[in-house]
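# Survey of secondary and tertiary structure
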Amino acid sequence: MEQKGVQLNQETFSCLICLDLLKDPVTVPCGHSYCMTCIKTHWDVEDQKHIYSCPQCRETFIPRPVLVKNTVLAALIEELKKTGLQAAPADHCYAGPEDVACDVCTGRKLKALKSCLVCLVSYCEKHLQPHYESPTFRKHKLVEPSKKLQDIICSRHDEVMKMFCCTDQQCICYLCSVDEHKGHDTVSAAAERTERQRELEGSRQKIQQRIQNREKDVKVLQQELETINGSADKAVEDSEKIFTELIRLLEERRSEVKQQIISQQETEVSRVKELQEKLEQEITELKRKDADLKQLSHTQDHTQFLHNYPSVSALSEPTDSSSINIRPLRYFEDVTAAVAELRDKLQDILREKWTNISLVLTEVDVLLPQPEPKTRAGFLQYSQEITLDPNTAHTRLLLSEGNRKATVMRQQQSYSSHPDRFTDCRQVLSRESLTGRCYWEVEWSGTGVSVAVTYKNISRAGEWNKCVFGLNNKSWTLDCQQNSYYFRYNKIKTPVSGPQSSRVGVYLDHRAGVLSFYSVSETMTLLHRVQTTFTQPLYAGIRFYDFENTAEFCKLK
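Everything numeric here is computed off the predicted structure, so don't read it as measured data.

### Here's the deal with the overall build of the protein chain
Assigned secondary structure in the protein chain consists of 10 helices and 23 strands. Principal axes of the C-alpha set define a box for the protein chain whose edges measure 165 × 80 × 45 Å. Relative to its 557 residues, the protein chain shows a buried fraction of 30%. Taking as baseline every contact in the protein chain between residues at least 6 positions apart, the subset at least 24 positions apart corresponds to 55%. As presented, the protein chain carries roughly 36,200 Å² of accessible surface, and 53% of it is formed by carbon and sulfur atoms. Distance between charge centres in the protein chain, computed from 73 positive and 76 negative side chains, equals 5 Å.

Structure follows, in structure tokens:
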């Protein structure tokens, strides 16, 4: 009896909104009590209607009642707490909107603890007891509370669907099997469940195996990330030290050059000033001598004139003019030229070595292979601006359009001598080195050209097979003629079929070792693809057949 009294007190002093003991209790005009925060929140929602109701009895109030704390009820709750009153246990909580309610409870329903698949009823703890105590219910199947018990009831016959129609792949009741599903392949729902359960377990095993595989992959990638980050941090640290050392060396050389210039400046200035002082002293002496001679020239007494003339007319030895070495106005210009030459050499070295550094960096570009684009828009993501290097152009090639276009001329062009120049074949290389993923297009005209990619160390003169694009293992070409295409590599010539076009697209994935040539018009058609391993940075190149032929690297951005 005492326990029931405590339970009654718990329900009496619980908020009907939050189902917990009242906090700052207030009583609304109809007499029901709530936590002040709970009822305020409830009425805030009803503000738009300007009609306020009691959540329990639904009585409405206009205007919104003023809430005042029920001090008597609050004091009573505090006293009851001291004697052991607590919130109702979770098992006895009332069902909320998201909960499954007990189908047996009358009035305000409690949360269901289980649902019975035989009774098709959900029970709270109190009403579930017969299923545990009475032998009648021992074979009933209890599951977690479910709101979908009606889903297993046949809407046509109001019977539990305990069978499965394999023909129609749906659950049916016994009456369905002898009615609309008569003659169909039917089994018990339990048998079908067993079969599907077996399939499910097989699927789960596959999924679990895939999960394990993917978890291993994730671990590998995580290790890869740690390696990459560690290696990158170490590379940054080491490169910073190296660059700092280089900067220090340059600073030392700069300081030495500066000190040498200043020292030489001081020596030259001292020499010039010393000569300048001698000359100024000589000028002063000469001016004084000139004044004496002038005064002597006005002497009226001939005897006096002749007497003084020897001493006044005597001149001192002049400063040796050969010691005044007036150089051309080029004192330290040679130093500037030498420093400029050093700068140019350093730039060349840095440019060449930077290509190697860039190539190494691109090796870390991706862990997984990147698919080749399918559309021209996809290729244009990797568009590379190409300009031609005048130092490599054969003397019959005229470069124009900002060194993007080359034309075969009958007259020799006035190029300076350069070790990178092709001397025996009408070829030219790009200025830019190509690594990573790149795409470019070449527009050509005339009888034919070879669109090439090559290593920079291809020969520039000498044996034909060593310097012509496509005739060695350092270059790959697509020979474009008016009615045909050919692919060449290492002297092997392969016919290529495809639509004729005056524009050729070239796609390079250096890391993946992919080189593709495309015919570009309204659509792109693959002409030839190479799969290999590139060991050096590549350069774009053009080789020409006849005079007046042209090729231009297109602007794609």
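The rest of the description comes next.
### What to know about the sheet that holds strand E16 (residues 475-481)
Strand order in the open sheet formed by six strands is E13-E22-E15-E16-E17-E18, with antiparallel pairing between adjacent strands. Two strands in the sheet have a free side with no partner beyond their single neighbour: strand E13 (427-434) and strand E18 (492-496). The average undirected angle you get between the axes of adjacent strands in this sheet is 20°. With five bridges joining them, strand E17 (residues 485-489) and E18 adopt antiparallel strand pairing. Directly across from arginine 488, in E18, lies its bridge partner lysine 493.

### Describing the sheet that holds strand E6 (residues 121-123)
Here three strands make up an open sheet; going across it, the order is E6-E5-E7 and the pairing antiparallel. At either margin of the open sheet sits one strand with a lone partner, and together these are E6 and strand E7 (142-143). In this structure, strand E5 (residues 114-116) lies alongside E6, joined through three bridges in antiparallel fashion. Within E6, the position partnered with lysine 114 by the bridge is tyrosine 123. Lying over the sheet, helix H4 (residues 125-133) contacts E5, E6 and E7, oriented at roughly 110° with respect to E6.

### Remarks on the pattern of salt bridges
Evaluation of the coordinates by the stated rule reveals 25 salt bridges. A salt bridge links glutamate 251 to arginine 254; the shortest N-O distance between them is 2.5 Å. Of this pair, glutamate 251 and arginine 254 both sit in helix H6 (residues 189-297), separated by three residues, roughly a single helical turn. Glutamate 251 sits in the partly exposed class, given a relative accessible area of 36%. With a closest N to O distance of 3.0 Å, arginine 529 and glutamate 372 form a salt bridge. Of this pair, arginine 529 sits in strand E21 (residues 524-531) while glutamate 372 sits in the loop between helix H8 (333-362) and helix H9 (376-380), and the two are 157 residues apart along the sequence.

### A few points about the side chain of threonine 454
Looking at where threonine 454 falls in the secondary structure, it is placed in strand E15 (residues 448-455). Residue class for threonine 454 comes out buried when judged on its relative accessible area of 0%. One polar contact links the side chain of threonine 454 to the main-chain carbonyl oxygen of lysine 474, over a distance of 3.0 Å. Not counting the four nearest positions on each side in its chain, threonine 454 is found in contact with Leu429, Phe469, Lys474, Ser475, Pro537, Leu538 and Tyr539.

### Quick notes on the domain arrangement of the protein chain
Domain annotation for the protein chain reports domain 1 (10-84), domain 2 (216-298) and domain 3 (376-553). Each of domain 2 and domain 3 has a C-alpha centre, and these two points are 46 Å apart.

### Focus: the packing of aromatic side chains
A full pass over the atoms with the stated rule returns 12 aromatic pairs. Between phenylalanine 379 and tyrosine 439, the ring centres sit 5.2 Å apart and the planes meet at 35°, which makes this aromatic pair tilted. Of this pair, phenylalanine 379 sits in helix H9 while tyrosine 439 is found in strand E14 (residues 437-445), placing the two residues 60 residues apart along the sequence. Taken as a pair, phenylalanine 379 and tyrosine 439 share a single burial class, namely buried. Seen in terms of ring centroids, tyrosine 455 and tryptophan 476 are 5.6 Å apart; in terms of plane orientation they differ by 90°. Their pairing is edge-to-face. Remark: tryptophan 476 occurs in strand E16 and tyrosine 455 occurs in strand E15; sequence separation between them is 21 residues. Accessibility assignment for this pair places tyrosine 455 and tryptophan 476 in one class, buried. One residue, arginine 460, lies across the ring of phenylalanine 422, its end atom 5.0 Å from the ring centre.

### Here we look at the pairing of E17
Here E16 runs beside E17; their pairing, made up of five bridges, is antiparallel. Bridge pairing in E17 links leucine 478 to phenylalanine 487. Between E16 and the antiparallel strand that follows it, E17, lie three residues. Linkage of E17 to E18, two consecutive antiparallel strands, is achieved through a turn of two residues, within which asparagine 490 is found at a positive phi near 55°.

### Regarding the side chain of histidine 181
Topologically, histidine 181 is positioned in the loop between helix H5 (174-177) and strand E10 (186-188). Given the relative accessible area of 3%, histidine 181 is considered buried. Apart from residues lying up to four places away in sequence, histidine 181 is in contact with Cys165, Asp168, Gln170, Ile172 and Cys176.

### Section: the packing of H6 against helix H7 (residues 302-313)
Running from amino to carboxyl end, H6 crosses H7 at an angle of 170°, the nearest separation of the two axes being 10 Å. Viewed along their axes, H6 and H7 adopt a mutual orientation that is roughly antiparallel. Counting all contacts with H6, which are made through Lys289, Asp292, Leu293, Leu296 and Ser297, the residues of H7 involved are Phe305, Asn308, Tyr309, Ser311, Val312 and Ser313. Taken together, the residues of the contact of H6 with H7 sort by class into five nonpolar, four polar and two charged.

### Thoughts on the pairing of E21
The pairing of strand E20 (residues 514-520) with E21 spans seven bridges and is classified as antiparallel. Residue pairing across strands places leucine 515 opposite valine 530, the latter belonging to E21. Hairpin connection, E20 to E21: the antiparallel pair is bridged by three residues.

### Some details on the nonpolar core
One finds Trp440, Trp476 and Leu515 to be the most contacted residues of the largest nonpolar core, which totals 37 residues. Beyond its immediate chain neighbours, meaning those up to four positions away, tryptophan 440 contacts Gln384, Ile386, Leu434, Val453, Val504, Gly505, Val506, Leu508, Ala540, Phe553 and Leu556. Counting 19 residues, the second largest nonpolar core, distinct from the first, contains Phe13, Cys35, Leu73 and Leu80.

### What about helix H2 (residues 36-45)?
Every α-helix winds through 3.6 residues per turn, so residues three or four apart in the chain are directed the same way. Turning to H2, its buried residues number three or more, namely Met36, Cys38, Ile39 and Trp43. What you see down the axis of H2 is that its buried residues fit within an arc of 165°, all on one side. Of the residues in H2, the exposed ones pointing more than 90 degrees away from the buried face are Thr37 and Val45. Buried residues along H2 sit in contact with strand E1 (25-27), strand E2 (33-35), strand E3 (52-53) and strand E4 (60-61).

What counts and what doesn't
Once a new chain begins, its residue numbering starts again from 1 and follows that chain's sequence as written. The model is predicted, so local features are restricted to residues of pLDDT at least 70 and side-chain atom pairs to those at 80 or more, both for listing and for counting; the totals for chains, interfaces and linings are taken over all residues. With hydrogens and water excluded, all non-hydrogen atoms of the structure serve as input to the side-chain values. Only DSSP runs of H or I with at least four residues qualify as helices, and only runs of E with at least two residues qualify as strands; both kinds are numbered from the N terminus onward. For every residue, the accessible area obtained with a 1.4 Å probe (protein chains only) is divided by the maximum for its type, and the residue is called buried under 20%, exposed over 50%, and partly exposed between those limits. Contacts are assigned to residue pairs that have any heavy atoms within 4.5 Å of one another. Shrake-Rupley sampling with a 1.4 Å probe provides the accessible areas, and residues are treated as covered by the protein chains on show and by no other component. Charged residues are defined here as Lys and Arg on the positive side and Asp and Glu on the negative side; His and the ends of the chain fall outside this count. One atom stands in for each charge, and that atom is NZ of Lys, CZ of Arg, CG of Asp or CD of Glu. DSSP-based pairing: two strands are paired if at least 2 bridges between them are found. Axes here mean lines fitted to C-alpha atoms, for a helix over just the part in contact, with angles spanning 0 to 180 degrees between N-to-C directions. Here a salt bridge means any side-chain nitrogen of Lys or Arg lying within 4 Å of a carboxyl oxygen belonging to Asp or Glu. In the analysis that follows, any N or O atom pair within 3.5 Å is treated as a polar contact, provided that within protein one partner can donate a hydrogen and the other can accept it, and provided that, for residues neighboring in sequence, both atoms belong to side chains. These domain limits were set by an automatic method or by a database of domain assignments. The criterion for an aromatic pair is that two Phe, Tyr or Trp rings (for Trp, the six-membered ring) have centres within 6.5 Å, with stacked assigned to planes under 30 degrees apart, edge-to-face to planes over 60 apart and tilted to the rest. Whether a charge sits over a ring depends on NZ of Lys or CZ of Arg being within 6 Å of the ring centre and within 35 degrees of the ring normal. Note on terminology: angles under 35 degrees are roughly parallel, angles over 145 are roughly antiparallel, angles of 65 to 115 are roughly perpendicular, and the others are oblique. Gly counts as polar in this scheme, as do all residues outside two lists: the nonpolar Ala, Val, Leu, Ile, Met, Phe, Trp, Tyr, Cys and Pro, and the charged Asp, Glu, Lys and Arg. Remark: nonpolar core denotes a set of buried residues (Ala, Val, Leu, Ile, Met, Phe, Trp, Tyr, Cys) joined through side-chain atoms within 4.5 Å. The arc under discussion is defined with respect to the helix axis, by the directions toward the C-beta atoms.

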